[in-house]
Amino acid sequence: MTNVRPIVVTGGFGFLGQHLVRSLTRRGLPVRPLGRKHGDLREAKVAETLLEGADIIVHLAADVGGVGYLKGCPGRAFHDNLLLGLNVIRAASRGGAKRLILAGTPCSYASSAELPLTEAALLRGVPSGDTGTYGYAKLATSLTAAAFCEDTPTDTVTVIPSNLYGPGDSFEEDHGHVVAALLRKAILAAEYGESTFEVWGDGSATRDFVYVSDVAEGIAAVVQHDEPFLGAMFNLGSDRETSIGEIATVIATAVGSGLSPTFLADKPVGYVRRVMSSREAFDQFGYTANTGLLQGLRKTIAWLHKSGHVAKWRADANRTHRQITSRRAG
């Protein structure tokens with residue numbers, strides 16, 4: 001096994017990365033996850049050193065968060081993510097990697113793209129809105145990889161997960177994705193006996209929510225696929241359009257305690273509608289999303305309690321309340 005070239009996963013300790021590493025390990029494949037502690041991939045020499053000797057590279061590392069985060073730093077979202085991608089592409093080619101798998105984003109689709117989103121629409125129109133620069137960076141990375149590696153031994157392919165949720169997500173208030181942010185609010189509301197929790201927007205916006213381990217299994221199938229992909233791009237979603245109002249209601253049901261959502265129509269929500277077709281991924285390598293929404297949410301809630309997240313949130317909230325009370329008393 002010492003002479004076997006590994007599968008290197010950038011962002012391997014992140015949300016999707018942890019699930020992918022477990023999926024690959026279960027399949028008996030040699031995996032080497034990389035995280036920020038190993039070095040900054042925005043530095044070209046660091047990227048080449050860290051990715052040297054890899055057989056397959058799965059590039060999941062990114063600077064990304066929820067809509068509020070991306071809206072607040074559009075220049076950084078473009079620059080850092082494009083720089084990460086370019087350095088990984090160069091390192092993969094120079095290191096002789098057999099395959100480079102890039103993680104794309106639904107933000108790369110134009111707002112005018114016909115639904116359900118199909119991969120052909122990626123080259124029609126331009127990304128826009130609060131997440132547009134992030135979408136530009138990821139699409140540019142994929143197109144650069146296909147062109148740069150065309151005459152090299154490195155096969156390239158892009159997978160585009162839809163809105164991920166599940167255990168291991170970032171539940172920080174400024175970086176959380178839609179489901180993570182709503183789960184945190186709902187669970188804390190229930191912990192304190194409140195009857196409602198806040199939801200950004202009026203609830204009408206839609207997304208394609210997919211359980212993270214389903215996508216990890218799809219990427220693992222790409223890793224093991226025998227035929228070259230030649231720069232192709234594949235959606236990995238649930239093929240189901242769900243409104244923010246519906247997901248908030250299902251979250252309230254999963255959390256319990258008689259909760260209901262309160263909608264804040266003046267807050268940003270990004271695109272109005274989003275749902276992707278994963279038919280190409282199913283046809284090419286058998287991808288399917290098998291986890292239902294309520295099932296996935298209940299698994300995530302159980303993990304949040306077991307992992308100590310809820311206890312920490314409660315302690316943080318209590319500490320903040322004590323500080324506010326102390327200031328008012330003083």
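Presented here is an overview of the structure given in this document. (Residues numbered from 1 in each chain as written. Predicted model: local features only at pLDDT ≥ 70, side-chain atom pairs only at ≥ 80, totals over all residues. Heavy atoms only, no water.)

### Details of the overall build of the protein chain
Thought 1: Across its full length, the protein chain holds 11 helices and 12 strands.
Thought 2: In terms of C-alpha radius of gyration, the protein chain reaches 20 Å, essentially the compact-globule figure of 20 Å for 330 residues.
Thought 3: Its C-alpha atoms give the protein chain principal-axis dimensions of about 65 × 45 × 35 Å.
Thought 4: When the 330 residues of the protein chain are sorted by exposure, 50% land in the buried category.
Thought 5: Long-range contacts, defined as pairs at least 24 residues apart, comprise 82% of the intrachain contacts of the protein chain with a sequence gap of at least 6.
Thought 6: On the protein chain, roughly 15,300 Å² of surface is accessible, and the fraction owed to carbon and sulfur atoms is 52%. (Helix = DSSP H or I, 4+ residues; strand = E, 2+ residues; numbered from the N terminus. Rg over C-alpha atoms; globule rule 2.2 N^0.38 Å. Buried < 20%, exposed > 50% of the residue type's maximum accessible area, 1.4 Å probe, protein only. Contact = heavy atoms within 4.5 Å. Areas by Shrake-Rupley, 256 points an atom, 1.4 Å probe, with all protein chains shown as cover.)

### Section: unusual backbone geometry
Thought 1: Here the amide bond leading from L115 into P116 is cis, since omega sits at -5°, within 30 degrees of zero.
Thought 2: Secondary-structure assignment places P116 in the loop between β4 (99-103) and α5 (132-148).
Thought 3: For L230, which is not glycine, the phi torsion reads 55° and is therefore positive.
Thought 4: Within the secondary structure, L230 is located in the loop between α7 (212-224) and β10 (233-236).
Thought 5: At S257, a residue that is not glycine, the phi angle is positive and equals roughly 65°.

### Some remarks on the pairing of β10
Thought 1: Side chains of β10 alternate between two faces, with M233 and N235 and F234 and L236 buried alike.
Thought 2: Summarising the sheet, strand β5 (residues 155-161) and β10 pair through four bridges and their orientation is parallel. If you follow T158 over to β10, its bridge partner there is M233. (Pairing = 2+ DSSP bridges.)

### Description of helix α1 (residues 15-26)
Thought 1: Taking 1.5 Å per residue, 12 residues should reach 16 Å; α1 reaches 18 Å between its end C-alpha atoms and fits that length.
Thought 2: Turning to α1, its buried residues number three or more, namely F15, L16, G17, H19, L20, V21, S23 and L24.
Thought 3: Check the buried side of α1 and you find it contacts β1 (7-10), β2 (31-34), β3 (56-59), β5, β6 (163-165) and α7.
Thought 4: The positive-phi residue at the C-terminal boundary of α1 is G28, with phi of around 80°. (Expected span 1.5 Å × (residues − 1).)

### Some details on helix α4 (residues 74-94)
Thought 1: When the terminal C-alpha atoms of α4 are compared, their 31 Å separation across 21 residues agrees well with the 30 Å that a helix rising 1.5 Å per residue should span.
Thought 2: Among the residues making up α4, those that are buried are A77, D80, N81, L82, L84, G85, N87, V88, I89, A91, A92 and S93.

### Quick notes on the sheet that holds β2
Thought 1: Strand order across the open sheet formed by six strands is β2-β1-β3-β4-β5-β10, with parallel pairing between neighbours. Edge positions in the sheet fall to β2 and β10, since each has one partner strand and no second. Taking each pair of neighbouring strands and ignoring which way they run, the sheet shows an average axis angle of 20°. (Axes fitted to C-alpha atoms, helices over the stretch in contact; angles between N-to-C directions.)

### Side note on the side chain of S243
Thought 1: Its place among the elements puts S243 in strand β11 (residues 242-243).
Thought 2: Polar side-chain contacts of S243 include one of 2.9 Å to the backbone nitrogen of E246.
Thought 3: The residues contacting S243, other than those within four sequence positions of it, are G203, S204, A205 and T206. (Polar contact = N/O pair within 3.5 Å; in protein donor to acceptor, adjacent residues only side chain to side chain.)

### Some words on the packing of α4 against α5
Thought 1: Put simply, α4 and α5 touch, their axes get as near as 8 Å, and they point 15° apart. The orientation of α4 with respect to α5, classified from their angle, is roughly parallel. The handedness of the crossing between α4 and α5 is right-handed. Residues P74, A77, F78, N81, L82, G85, L86, I89, R90 and S93 of α4 form the contact with α5, whose own contacting residues are T133, Y134, Y136, A137, A140, T141, T144, A145 and F148.
Thought 2: Looking at the contact of α4 with α5, its residues break down into 12 nonpolar, six polar and one charged. (Parallel < 35°, antiparallel > 145°, perpendicular 65-115°, else oblique. Left-handed = near helix turned anticlockwise from the far one by under 90°. Nonpolar A, V, L, I, M, F, W, Y, C, P; charged D, E, K, R; others polar.)

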